[in-house]
Every structure is written in C-alpha cells, then in structure tokens.
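# Coordinate analysis (summary)
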Amino acid sequence: MQKPPREEPDDRLSVTPPKDWATGVPAVTHAVTYSLSQTSARRTGLTLLTMNQVDGIDCPGCAWADPAPGHRHINEYCENGAKHINDEATSRRITADFFRHHSVSELGQRSDLWLNQQGRLTAPMVKRPGSDYYEPISWHDALGLLSEELKSLDSADEATFYTSGRVGNEAAFVLQLFARAFGTNNLPDCSNLCHESSGFALHQTLGTGKGTVSLEDIHHADLIFVVGQNPGSNHPRQLSALEEAKLNGARIIAVNPLPEAGLRRFKNPQKPRGVIGNGIQIADQFLQIRVGGDLALFQGLNRLLLEAEEARPGTVLDHEFIRSSTSGFEQFAQHVRGIPWENIIAGTGLAREKIEKVRDEVLRSERIIVCWAMGLTQHKHGVPTIREIVNFLLLRGNLGRAGAGACPVRGHSNVQGDRTMGIWEQMPESFLDALQREFGFDPPRAHGLDSVNSIRAMREGRIKVFLGVAGNFVRAAPDSTLTEEAMRKCRLTAHISTKLNRSHTVCGDTALILPTLGRTERDIQAGGEQFVTVEDSMSEVHTSRGRLEPASRLLLSEVAILSRLARRTLDGRAGIPWEQFEADYGAIRARIARIIPGFHDFNRRVVRPGGIQLPNPVNEGVFPTPVGKALFTCNKWEMLHAPAGHLLLQTLRSHDQWNTIPYTTNDRYRGIHGSRRVVLVNPADLTELGFAEGDHVDLVGVWDEDVERRAEDFQVVPYPSASGCAAAYYPETNVLVPLDSVADISNQPTSKGIVVRLERTGARSEAATP
Ligand SMILES: Nc1nc2c(c(=O)[nH]1)N[C@H]1C(S)=C(S)[C@@H](COP(=O)(O)OP(=O)(O)OC[C@H]3O[C@@H](n4cnc5c(=O)[nH]c(N)nc54)[C@H](O)[C@@H]3O)O[C@H]1N2
Ligand SMILES: Nc1nc2c(c(=O)[nH]1)N[C@H]1C(S)=C(S)[C@@H](COP(=O)(O)OP(=O)(O)OC[C@H]3O[C@@H](n4cnc5c(=O)[nH]c(N)nc54)[C@H](O)[C@@H]3O)O[C@H]1N2
Ligand code: SF4
Ligand SMILES: [Mo]
C-alpha cells in the first residue's frame, strides 16, 4: 500500500490567532498573487474581468448566485473564485515528456498539492496492463479502447460513470443519455457526498429537492440562520448578500462548532467601507454547537415555539398556513413536546437560555431563512436534521413567500444543474419516460449505484469499468485505503480531467487520462463557437463562455469526448444524433427543452441577460408530495457520542483549497500556516487528554475492530472548537471515514461525525519494540 502523500515542500507549521473578520483588501491581494504565480497578467485580466458577468465565464468555484444584471460589480468575484479560475488558467503544462520521467508509482507518492501544481493536462495518455508508465495515445485509439472495454462487459451495469458538479449542463445531459442508452443508471456523483441529505429531506417534506430562496429573498429576510457552513472561505459572496440583508435590518444567527471568521465580521472589498473601516458584524448570535447537535437544536427551538403558542394562543404559529398547506402537525407537535430538555442540552452542548434567546429572535421575525451546507448533510442523521429545519420553517409559514425559505447552499458551480439534467442514479420515472418518448429507446428502470455503492461494487469485482468526469474520486470518497483498493480492481479506469490528481495514479489494469477544455477556454466546434450553461444554488440557469486559448490544441471538450464515446460504443443503437450534439450544443439544449420541465424555449431564453429562473413549485404554493401538502415529520435521533478519551472529528476545507486540491498549505482565517496535517482541538480537551500544542499525533478511528483506520502524524493545534469536537482537513483525513458509516436514507458518507482518539505518533512502533 502507498503511504499517505505528504505536502511539499518541507512543511513547517506556524500558528497565529484565528481571524475574526473575512475578506477585504488582503483577500484581493492574495487572489491576484496566486493568479500571477499561475499565469500572466494578461490572462489574469481576461479571466477575472469577465467572471460572473453577463456572457462571461461563470465562476468555476461554488454555486452561489450572481446578482441581477445591472447590479453586478465590475469585479464580481471573490478571492477564492479568482484562485479557482486561475488554477485552471495556469500557464503551466504537463506534456507527454512529463510522464516519461514520472512513473505512476512515483506520482502516487506525491501530494495532492504537488500533482495539481504541475499544470494542465495536454494530451490523451494510456497506462497499459503491467506497465508503470503513462504513454501517449491518439484520441481515436483512446476512445476505441474505452468503447471496446465497455462493449465487452457482460452487462452495462458493470460500468459506473462518476461526475462532479464542475460539468456544465450540456455535457451532463449527454453523459446521462449515453449511460442510459448504454443500459445503466450507474451515475454516481459528487452530490452523493455533498447535499444528498438535503435533496432527500426536502423532497420528502416539500416534494422538491431544491432550495426555495433567491438572492432577493436573502436581501429582504428579517432573520437568517447560517448553519453548518463556512461562507468566508467556501461561499464568499454569500457574505455580500448577508451584508446587504443586515443593512436592510436583518439579524443573523450562526450555528457552528467553530467561530469561523466570516461569521463574525465581513469587510466587503467591493465597497470603500470594507476597504477602510472595520466592516460589518455578521452574526448577532453565535451558537457554538456540538458536532452533530443541530437536530436537537431545532427540536428545542420548535418545542419552545409550541410552548410560546400555548402561552399566547394565536400569536406564534401560522395556523392558516398549517391548516391549508401542511399535514402531520399534530403528531409532530406531540413528538416534539415529549423531547426532554436534558437531551436537547446534552445533544447541542448549549444552555437552554441560549436557545430561548434564539426563540425570541424568531418571534420578532416575520420572514426567516435557514441556510446550511456540509455541517448538516454529512451526518448519520443529516436527513432528519434537515427535515426538522423544514418543521421549523413550516410552523410560522416561512415557505413559499418572499424573504423566507430553505436555502441549502450548494458546492460545485453546477452540481444542482447536473441533477436537473438527469445525473442521478435514481431519476424519477417521469424523467425516464420523457427520455424514452424523445429518443425512442428503453432506459433502464432499476436504480443504479451511487458513490458508496459503486465503491462496494468495484471492491467485489462487480464493476469493471470506471469513468470519472471532472472530479477526483479516490480523494473525494470516504475510506481512502479501501477505495483505492477498489479502483485498482477495475479492468479499466478513465478520467476526463483538466488537471492531474491522485485518481490518475490509482489505476485499473488499463488507465486513461482524457484531457479536456476548462470553462475558461474557447470552445470551437463544427457549428462555431460554443457556450455552456450552468444552474446555481438558486435555480438560475445562465451561460458560460470561455475566453482563453485552449491549454493545448489536442484538448477536446467534455461534450465532444462523451459524444464520440457514445457514438463508438452504441454503434448507432438508439438513433441519437451524437455528431450533431458535438457540432452544436444548441442541439442538445433543444432536446433538454423538450424533456425537462422549466426549460421551454431554452436556447432563446438562456442568452438573455441573467438567464432563466427555474420555477420552484413551493414558491407557487404547491407542495408536490404524495398528499399535495408540505409534511411535518417526527425525527428521532441518537446523540453522536464519543466515549471517554475520544473526540468527535469533523473533516473540513481550508481557505486555500478547492475540495480535494490544496492550493497552498495555509488556512489564513484560522491562523494555520505551512502545514495541513493539523488537528484543531479545544484547549480544555487537550489538557484532559494529556496533549499539548505541537505534539505529533496519529488520528485513530474506532469504527470497527478488524480494520484499523489511522491518519498518521498530525500536529496538535489548540483551537476554540466546541468541547469534545475536533477538526482536521479533508482529504487527508478521508482514510478515517468508514465506507459503511453513512447517513440514514441518503447514503451520504458521514464526513463530519467520526469518533477518533489521538495517539502519540510513533507510540505504536515503540510499544511493539521490546
Ligand atoms: N474555497 C472553497 N470553496 C468551496 C469549496 C472548497 O473546497 N473551497 N468546496 C465547495 C463545495 S463542493 C462545497 S459542498 C461547499 C462546502 O461548504 P461548507 O459546508 O462551508 O464546507 P466545509 O469546509 O465542509 O465546512 C463545514 C462547516 O460546517 C461546520 N460544521 C461541522 N460539523 C458541524 C455540525 O455538526 N453542526 C454545525 N452546525 N456545523 C458543523 C464546520 O465547522 C464548517 O464551518 O463549498 C464549496 N465552495
Ligand atoms: N472527508 C470529506 N470528504 C469529502 C468532503 C468533506 O467535506 N469531507 N466533501 C465532499 C464533497 S461536498 C464533494 S463535492 C466532493 C468533491 O469531490 P470531487 O468533485 O470529485 O473533487 P474535486 O476536488 O472538485 O475535483 C478536482 C478535479 O476536477 C478536475 N477538473 C476541474 N475542472 C474541470 C473541468 O472543467 N472539467 C473536467 N473534466 N475536469 C475538471 C481536475 O482534474 C481536478 O483535479 O468531496 C467530498 N468528500
Ligand atoms: S462566491 Fe463562489 S461563485 Fe462567487 S466568485 Fe466566489 S467562488 Fe465564485
Ligand atoms: Mo460539495
């Protein structure tokens, strides 16, 4: 087995106090410095100035929405968006020569950071069975090899097709169409690891899996909860929206085990006030919750609201809304009234008075929004937690009206769009019927494999071909050691990628690197210059048009690669016009318009400034659940519990990384510099456990007795995390997340709630030597 890769160069940790404010002038300076370290001033200008502008490049960072046309700043991007875009626009190149000098096993020893820093992939490469080197291959032969391998399978279900939300709508539509015409629903995606719990919870209770709020709603809310989210690093422009809300009088409640900088103060770099002054205070109340305590918190809050209604009948709940638009209120109320306060206090780690203060804010507010991200979804009880938030919103009718609603803040720029396009292993019958009507083939009806189940199937030899598009599956997935073992069992692994990552070094017998155009680049096809479309977290669909010359003349677009693969694999079966799709993406959009609700007249409407706002039935007062009403639910939970001597570990992102890819070893707002192998622990916990700042420890998982899960050599950093709760960066800690530790209902890995103990590094080997 390969040792876990370490960051280079020589990592030397230095720690400064965490910041209590986010963004501002230093942020812009950091962005431009990083960009200039990657590419020229001219290219930096070309990308940054068109970013998030009408007809410009959609930021390939997060899925936060753009302000309406006419309200955009000339620099409508954040520090991190600038880093992401220039990480792609880098002038560095990986040539075929590079792979002659670096064997696959050597690359497997390199860190994620180093691999990414080598630059853009420029030519298709193959690693043949028995070889330890990638060698050049023509596109014709590469796609031939892949299609022959697919055709030789006993069943289409022996292949799996992973995507991340970096993929635009057109490529996503083509990929799912190909997979289904080929005969499988095996379409795992990063959403399985991301907001799957949100999708299930919202779908079960509201009948639609998407968020219900727009930017305008945020601007006009009275009270906004920011729960399990670090917007200062991960959705920086959300802070501009929160700032605007505050200037309009909103109050904000942050719920997090960590006092994240962006939740405290925000200095808006786009406004003189932000540059010069102290910025604006973001959170009016900060609830430092125990990891996994949010279900208990919202149940406590709901219980207090029910009690307030009893004390002053008719003044607290929206009875009219509850009566006309919901179902299940009585059972829910009875359930919540019966939850003992001791449990709520133990579960949240919060005093009852703290929760009562939040109730008072709620009672003063007409319009309430709850925003959330990975701090809620990546838990065993992620789905019930989000259902409880829906209960909370329903009680006072905070759904389906302006300034109120549910706001799952999505990660990848088009992760929501990919789902809309059919990237899901469990698409509903209505979608499959529409495909059948449009294209005349019978799509498979049995549910396919998601990410976790694809790993299980690869491990057991049931999956033989893995194709990944725009992600880094082995680092994104849980249980790194086991996942890598599973990948290596495949006959063929192939990746459509812009940059080198660890997944390219964990190969099946044969492995392919299929390099592709990024969003920043001009995409010229037989039918002329193309653009793609994406859907943000607020269901707005708009265009993204690349400006830069492609990194290599050998690059093909994702649509071109997938269309050619489909043509070669299906040999004309299913009669789908793949060539036409490749030549003109408008032809793909014309089909989407006929199949997917909300996309009528797609080609004409999407090019209008601002694009298309997809309808959300909830905002039209319609709850498409089986009973036609929003559902209250009764949610049970067991407290996430770390036995004595153990900690609850959450795995999270630093400020300087894009998911599995660190850009530097710094995490500026948290005051960590020079190393990512750190574990942040509450100082009192450290004393109790007998460790001190700077100690080197292994993080050891305790999920099961037979398999040891150990992340080696982390340095201890005392940090004001909630008591009993530690934090360390992903993906270095994915080795600790057990494949079988998943969220109930959504099957999402529990990356935020892992029980670990700290063991002095080297103690194990010392103990073994007599
Ligand atoms: N710069 C940058 N931006 C990104 C990304 C990136 O890697 N880098 N990734 C993108 C993607 S794909 C995603 S999904 C999003 C992720 O965005 P976030 O969800 O903000 O990402 P994480 O770093 O996982 O942070 C989780 C937050 O939840 C808190 N938390 C952990 N456990 C709990 C809990 O039990 N309860 C509560 N209330 N809080 C908890 C953590 O302290 C942390 O503040 O960001 C997107 N944007
Ligand atoms: N422990 C733990 N694990 C987690 C998480 C966590 O919080 N903790 N978070 C989970 C979440 S929320 C997510 S979304 C996943 C993320 O997992 P992924 O989406 O799979 O990972 P990324 O790091 O975004 O993928 C980076 C790679 O995408 C490729 N790429 C970038 N742009 C393009 C493009 O335009 N086209 C193509 N074809 N390729 C491109 C590059 O080759 C790059 O190396 O990780 C999940 N895993
Ligand atoms: S907030 Fe997200 S979408 Fe907006 S510029 Fe920053 S990274 Fe890009
Ligand atoms: Mo994500």
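Residues numbered from 1 in each chain as written. Chains lettered and ligands numbered in written order. Predicted model: local features only at pLDDT ≥ 70, side-chain atom pairs only at ≥ 80, totals over all residues. Heavy atoms only, no water.

Looking at an unreviewed UniProt entry, one finds the protein chain named FdhF/YdeP family oxidoreductase, with Actinacidiphila oryziradicis as its source organism. Under the UniProt heading Sequence similarities (unreviewed entry), the note attached to the protein chain is "Belongs to the prokaryotic molybdopterin-containing oxidoreductase family." (UniProt positions renumbered as here; feature names shortened; annotations may be inferred.)

Turning next to the overall build of the protein chain. Each helix and strand in the protein chain was counted, giving 32 helices and 33 strands. Here the C-alpha atoms of the protein chain give a radius of gyration of 25 Å, agreeing with the 27 Å that 2.2 N^0.38 yields for 770 residues. Projected onto its principal axes, the C-alpha coordinates of the protein chain cover approximately 75 × 75 × 55 Å. Relative to its full complement of 770 residues, the protein chain shows a buried share of 65%. Long-range contacts, defined here as pairs at least 24 residues apart, represent 79% of the contacts in the protein chain between residues at least 6 apart. As displayed, the protein chain offers around 26500 Å² of accessible surface, 52% of which is attributable to carbon and sulfur atoms. Taking the average place of the 84 positive charges on the side chains of the protein chain and the average place of its 92 negative ones, the gap between the two points comes to 3 Å. (Helix = DSSP H or I, 4+ residues; strand = E, 2+ residues; numbered from the N terminus. Rg over C-alpha atoms; globule rule 2.2 N^0.38 Å. Buried < 20%, exposed > 50% of the residue type's maximum accessible area, 1.4 Å probe, protein only. Contact = heavy atoms within 4.5 Å. Areas by Shrake-Rupley, 256 points an atom, 1.4 Å probe, with all protein chains shown as cover. Lys, Arg positive; Asp, Glu negative; His and termini not counted. Charge placed at Lys NZ, Arg CZ, Asp CG, Glu CD.)

Counting residues in each nonpolar core, the largest one holds 117 residues, and the members touching the most others are Leu146, Leu150, Phe161, Phe173, Phe225 and Phe392. The element contributing the most residues to this core is helix 8 (residues 169–182), with ten residues. Ignoring sequence-local partners within four residues, the contact set of Leu146 consists of Val465, Leu467, Leu492, Ala494, Leu512, Leu514 and Leu565. Core analysis: the second largest hydrophobic core is formed by 29 residues, Leu215, Leu239, Ala250 and Ala283 among them. (Core = buried A, V, L, I, M, F, W, Y, C linked by side-chain atoms within 4.5 Å.)

Moving on, we get to the pattern of salt bridges. Going through the model one piece at a time under the given rule, you end up with 56 salt bridges. Residue Arg110 pairs with Glu106 through a salt bridge whose shortest N-O separation is 3.2 Å. Notably, a salt bridge pairs Arg757 with Glu759, separated by 2.5 Å at the nearest N-O pair. Residue Arg757 is classed as partly exposed on the basis of its relative accessible area of 30%. Salt bridges sharing partners connect three or more residues here, namely Lys246, Arg251, Asp284, Glu361 and Arg364. (Salt bridge = Lys/Arg side-chain N within 4 Å of Asp/Glu carboxyl O.)

Spatial strand order, 25-32-29-31-30-33: six strands in a closed barrel with mixed pairing. Within this sheet the neighbouring strands show an average axis-to-axis angle of 45 degrees, counted without direction. Alignment of strand 29 (residues 678–681) against strand 32 (residues 725–729), held across three bridges, turns out to be antiparallel. By the bridge assignment, Val681 is partnered in strand 32 with Ala726. (Pairing = 2+ DSSP bridges. Axes fitted to C-alpha atoms, helices over the stretch in contact; angles between N-to-C directions.)

Moving on: the pairing of strand 8 (residues 223–227). Extensive coverage of strand 8 is indicated by the burial of five of its five residues. On strand 8, burial covers both faces: Leu223, Phe225 and Val227 on one face and Ile224 and Val226 on the other are all buried. Relative to strand 9 (residues 251–255), strand 8 runs parallel, the two sharing five bridges. From the neighbouring strand, Phe225 faces strand 9, where its bridge partner is Ile253. Bridge count for strand 8 against strand 14 (residues 368–372) is five bridges, and the pairing is parallel. Paired with Val226 across the two strands is Cys371, which belongs to strand 14.

This next bit is on the site of ligand 1. Taken together, 33 residues lie near ligand 1, and Asn256, Glu260, Gly292, Gln657 and Asn659 sit nearest. For ligand 1, an oxygen atom lies 2.6 Å from a polar atom in the backbone of Gly292. Gln657 places a main-chain nitrogen or oxygen 2.7 Å from a nitrogen atom of ligand 1. Only helix 3 (79–88), helix 11 (231–234), helix 20 (374–377), strand 25 (647–652) and strand 26 (657–658) provide two or more residues apiece to the shell around ligand 1. Among the residues forming the shell around ligand 1, the class breakdown is twelve nonpolar, 17 polar and four charged. For the shell around ligand 1, the domains that each give at least three residues are domain 2 (196–408) and domain 3 (647–768). (Near = heavy atom within 4 Å. Polar contact = N/O pair within 3.5 Å; in protein donor to acceptor, adjacent residues only side chain to side chain. Nonpolar A, V, L, I, M, F, W, Y, C, P; charged D, E, K, R; others polar. Domains from an automatic or database assignment.)

The next point concerns the packing of aromatic side chains. Tallied over the entire structure, the rule returns 19 aromatic pairs. Both rings, one in Phe173 and one in Phe439, keep their centres 6.4 Å apart while their planes meet at 45 degrees; by these two values the pair is tilted. In this pair, Phe173 sits in helix 8 while Phe439 sits in helix 23 (residues 429–439), placing the two residues 266 residues apart along the sequence. Site record: aromatic cluster; members linked through ring pairs are Phe98, Phe99, Trp114 and Tyr134. Lying over the aromatic face of Trp114, Arg110 brings its terminal NZ or CZ to 4.0 Å of the ring centre. (Phe/Tyr/Trp six-rings, centres within 6.5 Å; stacked < 30°, edge-to-face > 60°. Lys NZ or Arg CZ within 6 Å of the ring centre and 35° of its normal.)

Turning next to the site of ligand 3. Close contacts around ligand 3 come from Asn52, Cys59, Gly61, Cys62, Tyr77, Cys78, Gly81, Pro236 and Arg237, and that covers them all. A breakdown of the residues in the shell around ligand 3 according to their chemical character gives five nonpolar, three polar and one charged.

If you check the domain split of the protein chain, you get domain 1 (120–194 + 414–522 + 549–582), domain 2 (196–408) and domain 3 (647–768). Averaged C-alpha coordinates put domain 2 and domain 3 at centres separated by 27 Å. Taken together, the contacts link 25 residues of domain 2 with 25 residues of domain 3. Interface of domain 2 and domain 3: buried area, both sides summed, is about 2100 Å²; carbon and sulfur atoms make up 56% of it. Counting the surface domain 2 buries against domain 3, the share from its top three residues, Leu258, Val291 and Gln378, is 28%. Where domain 2 meets domain 3, there are two salt bridges. With a shortest N-O distance of 2.7 Å, Asp744 and Lys380 are connected by a salt bridge. Counting across the domain 2 and domain 3 interface gives eleven residue pairs in polar contact (both at pLDDT 80 or more). (Buried area = accessible area lost by both parts, 1.4 Å probe.)

Now for unusual backbone geometry. Cis geometry marks the peptide bond from Tyr730 to Pro731; its omega dihedral reads 10 degrees. With respect to the helices, strands and loops of the structure, Pro731 is situated in the loop between strand 32 and strand 33 (754–760). Of note in the backbone geometry, Ala470 takes a positive phi value of approximately 65 degrees without being a glycine. Here Ala470 shows up in the loop between strand 16 (465–469) and helix 25 (473–476). Judged by relative accessible area, which is 21%, Ala470 ranks as partly exposed. The phi angle at Asp713 is positive, at roughly 60 degrees, despite the residue not being glycine.

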